[in-house]
Amino acid sequence: MYKLNRLLRPKSIAVFGGEEAAEVVTQSSRIGFAGEIWPVHPNKADVDGYKAYRSVAELPGAPDAAFVGVNRHLTVELVKALADRGAGGAVCYAAGFLETGADDEEGQRLQAELNAAAAQMPIIGPNCCGFINYADGALLWPDNHGGIKLAKDGRGVAIITQSSSIAINVTMQKRGLPLAFVITAGNQAQTGLSEMALDLIEDERVTALGLHIEAFDSVAGFERLAARARELKKPIIAMKVGRSEQARQATVSHTASLAGSDDASNAFLKRLGIARVDSIPAFIEALKLLHITGPLPGCKLSSMSGSGGAASIMADSAEGRSVHFPVLATDHRARVKSILGPLVAVANPLDYNSFILNNEPAMTAAFSAMVSGGFDLNILVIDFQRRDRCLNVDERGLARKLRSFEAALKTNKANGAIVCSMPENLPEEHAERLIARGVAPLFGIPEAMDAAQAAAFIGNAWREPLAQPVDTTAVGRSGTTRFTLDEAEGKERLIKAGLPVPKGERANDAVEAANLSQALGFPVALKALGIAHKSEVSAVRLNLKDAESVSTAAHDLLPLGTGLYVEHMVRDGVAELIVGFTRDPIFGAVMTLGTGGVLVELLRDSVTLMLPATRDDIEAALRGLKLYPLLEGYRGRPKADVAAAIDAIAGIAGFVQKNAGEIEELDVNPLIVRAEGKGAWIADALLVLGEKKHG
């Protein structure tokens, strides 16, 4: 871990380079940096009125922070000189290092030289714009930005992004979000995103953390970050990119076709209690809500608006989400109705109508009655009128609504948000005033619901025990030769591990298959060996009830594969699951659990879990499947042996962890779950192993 305090909170800044460096000097002066600014230039006497020096050696002292805005070759030289001088750290602006790709040998060499030159001095980048410290008014930033220095004793959120462009855009937001720090991580040659984040959450002026992630710098680093964030009660929002098919592993198994790198990333963030959003507006709104309320204690929302249309839109916006608008209890509804009168239909979301608009005491009473229901977040929908085009803006009516809502929140000690249906309908100055009064101004209904869901997710995650560290034993096995065991070989290994596999035997011909079927007991299943997806080529016959049927089926199947496998038939299944594992290059063995059978890719009802997975993790994953009602006995059907299914899944996961060094993929499809007390059985298994290449 590198100590970043001097770099991120400098009292002296050295600046190297041409136009970009000059811009750093200008921006530092504009923001009101109170420390020393030391430009370094071979020819100029001064830069923007600040005395220029000729070299690192000429500087008055060892700078706390340095902006190195020169070409990539000179960057390495300057970083070494700064490290030797005892500087606190440097921002490396130049591109052309490892981010240029594996084919650029010079870029790889220069990155290694840069890290060696820095030694123990922290560096940010290369290929980044640097950072802005709005809390202290210190920046190493060679471009425009839209933020302002925090007021004395002010607090705000910290944002780290791997994209300088996104960082610039975020500073330009007009949504009232107070920023304490903005850092661009670049290619993270030395100091990773998680290390920067660990420093920022320790700052008492930082309330919440937002991360734009292209790739995780360190699994262990993110685990430390999540644990510390929980201790400090500082929530984290992530916007993780990379949902493309190109991130997927080889697709020998059904599991690999379901589970891609993005699914693993999602599971990892969920495990850490870091909420994920998918757009920049949702990212900003979630940070804003968390800055004001912190994580929400639950998922119950209330909504109030002066329009039935708005109430309907709010109701629809919760569809398919964990956050929701619960139906009002009878006594609660009566309290609200006693104030609004018989002509108002009281519900949640509430259209409070226009009868109380000019009566502030009545409005306050109605809002307070509604908020008294113990909701986790209370929403008042208001779109502000345009002052530039409207002749008679009802400022007094707006003020009455806001005062009434704030009084209702204060009386009930409740969380509240003003939500506008369109982002442009809430002026920034109003947003800033609301934040100052502890009310979250949320721009856009979908984004508001994203924010509420993220805050509720974190609140729920923090109530659960901290997850075990991810087992990354299986990471780092590039350059392997993959080979697939046939079903007989694969199941033999599973049986030796004590897993629930029906009795079965390999057969070389039809006569042997018929004899084995009699020994196993009818009915049996007969399969052609050496075929990954048997159902796709009709390489399996089920429910064969006599030797003659087995013999006939064997003659049909023998030409398809490398032999036959005859197996005692698992009957009376209530449901079929897929339990699969692939090797992720970052997280190691990753489990996919979902609805199985021949329609697995079509239904795509699955969830991804990190290892190790507890029984509670597995049960929660099962409950999240669309299939789960079937396991509970849907419409009079028998209940499934869920406990046995969990035992089997946990056992399979344990087998994979124990053999993580050689397993590339494991695909159990289906795991047939029978009725309560009758167990769960591995009906088909595809096991892909890997050997490290030599030479």
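Owing to the predicted nature of the structure, the values given are computational and were not obtained by experimental measurement.

S.K.: Now, about the pattern of salt bridges: what can you tell me, with residues and values included?
M.R.: Taken as a whole, this structure holds 38 salt bridges when the rule is applied. Residue Glu-487 is joined to Lys-534 by a salt bridge in which the shortest nitrogen-to-oxygen separation is 2.9 Å. Of the two residues, Glu-487 is situated in helix 17 (residues 487–496) and Lys-534 in the loop between strand 22 (524–528) and strand 23 (540–544); the sequence distance between them amounts to 47 residues. Relative accessible area serves as the criterion here: at 3%, Glu-487 is assigned to the buried category. Where Arg-674 meets Asp-572, a salt bridge forms, and the shortest distance between an N and an O atom there is 3.7 Å. One end of the pair, Arg-674, is in strand 28 (residues 663–674); the other, Asp-572, is in the loop between strand 24 (564–568) and strand 25 (573–584), and 102 residues separate them in sequence. For Asp-572, a relative accessible area of 54% gives the class exposed. Several salt bridges share partner residues, and in doing so they unite Glu-487, Lys-491, Lys-527, Lys-534, Glu-567 and Asp-684 into one network.

S.K.: If you had to explain the packing of aromatic side chains to someone new, which residues and values would you point to?
M.R.: A full pass over the atoms with the stated rule returns 7 aromatic pairs. Relative to Phe-587, the ring of Phe-216 lies with its centre 5.6 Å away and its plane at 70 degrees, an arrangement referred to as edge-to-face. In this pair, Phe-216 is assigned in the loop between strand 12 (206–213) and helix 7 (219–232) and Phe-587 in the loop between strand 25 and strand 26 (588–595), connecting sequence segments 371 residues apart. For Phe-587, a relative accessible area of 0% translates into the label buried. Measuring from centroid to centroid gives 5.3 Å for Tyr-352 and Phe-367, while their planes differ by 65 degrees, and the two rings are edge-to-face. Remark: Phe-367 occurs in helix 13 (residues 360–371) and Tyr-352 occurs in the loop between strand 16 (350–351) and helix 13; sequence separation between them is 15 residues. We classify Phe-367 as buried; its relative accessible area is 0%. Pairwise contacts between aromatic rings join Phe-216, Phe-222, Phe-268 and Phe-587 into one cluster.

S.K.: Report on helix 21 (residues 615–623), specifying residues and quantitative values.
M.R.: Turning to helix 21, its buried residues number three or more, namely Ile-618, Ala-621 and Leu-622. Each buried residue of helix 21 sits inside an arc of 100 degrees when the element is viewed along its axis, so together they form one side. Those residues of helix 21 that are buried are in contact with strand 25, strand 26, strand 27 (606–610), helix 22 (628–631) and helix 23 (642–658).

S.K.: Quick rundown of the environment of Gly-677? Include the residues and the values.
M.R.: Positionally, Gly-677 belongs in the loop between strand 28 and strand 29 (680–682). Owing to a relative accessible area of 73%, Gly-677 belongs among the exposed residues under this scheme. Residues Gly-677 and Asp-641 lie 36 residues apart in sequence; the distance between their C-alpha atoms is 5.9 Å.

S.K.: Describe the environment of Gly-154, with residues and values.
M.R.: Residue position: Gly-154 is located in the loop between strand 9 (138–140) and strand 10 (156–161). Along the chain, Gly-154 and Arg-205 lie 51 residues apart, while their C-alpha atoms are 6.7 Å from each other.

S.K.: So what about the layout of surface pockets? Which residues, and what values?
M.R.: One number sums up the size of the second largest pocket: a volume of about 680 Å³. Taken together, 33 residues make up the lining of the second largest pocket; nearest its centre are Lys-527, Val-540, Asn-669, Pro-670 and Asp-684. Those elements that place two or more of their residues in the lining of the second largest pocket are strand 20 (480–485), strand 22, strand 23, strand 24, strand 25, strand 28 and strand 30 (685–692). If one sorts the elements of the lining of the second largest pocket by residue count, strand 28 sits on top with 4 residues. For the lining of the second largest pocket, the class distribution of residues is 16 nonpolar, 9 polar and 8 charged.

S.K.: How would you summarise the pairing of strand 15 (residues 301–305) if you had to cite specific residues and measurements?
M.R.: Of all 5 residues that make up strand 15, 5 are buried, and the element is covered over most of its length. A two-sided burial pattern is seen for strand 15, the buried positions comprising Leu-301, Ser-303 and Ser-305 on one face and Ser-302 and Met-304 on the other. The pairing of strand 15 with strand 17 (residues 377–381) spans 4 bridges and is parallel. Counterpart to Leu-301 in the pairing with strand 17 is Leu-377. As paired strands, strand 15 and strand 16 are joined by 2 bridges and run parallel to one another. Looking across to strand 16, one finds that Met-304 is bridged to Leu-350.

S.K.: Hey, could you go over the sheet that holds strand 21 (residues 504–507) for me, with residue numbers and the actual values?
M.R.: Pairing is antiparallel across the open sheet formed by 4 strands, whose spatial order is 21-24-22-23. Edge positions in the open sheet fall to strand 21 and strand 23, since each of these has one partner strand only. Averaged over all neighbouring strand pairs, the angle between strand axes comes to 20 degrees, with direction disregarded. With 3 bridges joining them, strand 22 and strand 23 adopt antiparallel strand pairing. Residue pairing across strands places Lys-527 opposite Val-540, the latter belonging to strand 23. Packing of helix 17 onto the sheet brings it into contact with strand 21, strand 22 and strand 24, and relative to strand 24 it is tilted by some 40 degrees.

S.K.: Quick one: what's the story with the packing of helix 12 (residues 330–340) against helix 13, residue by residue and with numbers?
M.R.: Running from N to C, helix 12 and helix 13 cross one another at 170 degrees; their axes reach a closest spacing of 9 Å. The orientation of helix 12 relative to helix 13 falls into the category roughly antiparallel. Between helix 12 and helix 13, the residues in contact are His-332, Arg-335, Val-336, Ile-339 and Leu-340 and Ala-362, Ala-365, Ala-366, Ala-369 and Met-370, respectively.

S.K.: Could you give me a rundown of the side chain of Ser-317, with the residues and numbers involved?
M.R.: Take Ser-317: it is sitting in helix 11 (residues 308–317). Discounting chain neighbours no more than four positions away, the residues touching Ser-317 are Phe-325, Ile-445 and Met-449.

S.K.: Outline empty space enclosed by the protein, listing residues and values.
M.R.: The tally for this structure, following the rule as stated, stands at 5 cavities of 30 Å³ or more. Roughly 60 Å³ of volume is contained in the largest cavity. Around the largest cavity, the lining residues are Val-15, Gly-17, Gly-18, Ala-21, Ala-22, Val-25, Pro-39, Val-40, His-41, Lys-44 and Val-47. Only strand 1 (12–17), helix 2 (19–31) and strand 2 (36–40) provide two or more residues apiece to the lining of the largest cavity. Examining the composition of the lining of the largest cavity, we find that 3 residues originate from one element, helix 2, more than from any other.

The rules behind the values
Residues numbered from 1 in each chain as written. Predicted model: local features only at pLDDT ≥ 70, side-chain atom pairs only at ≥ 80, totals over all residues. Heavy atoms only, no water. Salt bridge = Lys/Arg side-chain N within 4 Å of Asp/Glu carboxyl O. Helix = DSSP H or I, 4+ residues; strand = E, 2+ residues; numbered from the N terminus. Buried < 20%, exposed > 50% of the residue type's maximum accessible area, 1.4 Å probe, protein only. Phe/Tyr/Trp six-rings, centres within 6.5 Å; stacked < 30°, edge-to-face > 60°. Arc of directions from axis to C-beta. Contact = heavy atoms within 4.5 Å. 1 Å grid on protein atoms, 1.4 Å probe; cavity = no way out; pocket = protein on both sides within 12 Å on 5 of 7 lines; lining within 4 Å. Points joined across faces, edges and corners; volume = space filled by probe spheres on them. Nonpolar A, V, L, I, M, F, W, Y, C, P; charged D, E, K, R; others polar. Pairing = 2+ DSSP bridges. Axes fitted to C-alpha atoms, helices over the stretch in contact; angles between N-to-C directions. Parallel < 35°, antiparallel > 145°, perpendicular 65-115°, else oblique.

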